[in-house]
Amino acid sequence: MFTCYSEIHKVTFGKTGTINIYPNQAVDMLNITLTGSMINKPETLSIHSLDGKLINRHSITNTSQTETVDLSRLTSSSYIV
């Protein structure tokens, strides 16, 4: 079996920092790497189905540079983070 991943894209939020989300295609775990002023702050991660339904909301009290999200309970599908 061959698994193909897409390349990592960086999203820049002005002067506040960047977010990298990987791997794409995630199976059990998703990594979110933050930089700049986005670290050490409360954040909320929302996962939605392609039709916009909220699947999971995860509150993070004090973000670290890399957050790992457990996806093992989600059914195999495409989601929006």
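Please refer to the structure placed before this passage.
To keep things clear, this report deals only with the structure shown in the data block. (Residues numbered from 1 in each chain as written. Predicted model: local features only at pLDDT ≥ 70, side-chain atom pairs only at ≥ 80, totals over all residues. Heavy atoms only, no water.)

### A closer look at the sheet that holds strand β4 (residues 43–49)
Note the following rule: The pairing criterion is simple: DSSP has to find at least two bridges between the two strands. Each helix is a run of DSSP H or I of at least 4 residues and each strand a run of E of at least 2, with the numbering of both proceeding from the N terminus.
Pairing is antiparallel across the open sheet formed by three strands, whose spatial order is β5-β4-β7. Across the chains shown, the open sheet's two edge strands, defined by having one partner strand only, are β5 (54–60) and β7 (79–80). Bridge count between β4 and β7: two bridges; the pairing is antiparallel. Each bridged residue has a counterpart across the sheet, and for Ser49 the counterpart in β7 is Tyr79.

### Focus on the environment of Asn62
Counted only if it meets this: Working definition: with a 1.4 Å probe on protein chains only, accessible area under 20% of the residue-type maximum means buried, over 50% means exposed, and in between means partly exposed. By definition, residues are in contact when any of their heavy atoms lie within 4.5 Å.
Counting through the fold element by element, Asn62 comes out in the loop between β5 and β6 (66–70). Overall, the relative accessible area of 48% leaves Asn62 in the partly exposed class. As for Asn62 and Ile39, which are separated by 23 residues in sequence, their C-alpha atoms are 7.5 Å apart. If we skip the residues at most four places from it in the chain, Asn62 touches Asn40, Lys41 and Glu67.

### Let's talk about the pairing of β4
Two strands pair when backbone bridges link them, and β4 and β5 are joined in this way by six bridges, in the antiparallel orientation. Looking at β5, one finds that Thr44 is bridged to Ser59. In this structure, the hairpin formed by β4 and β5 is closed by a connection of four residues, where Gly52 is found at a positive phi of approximately 95°.

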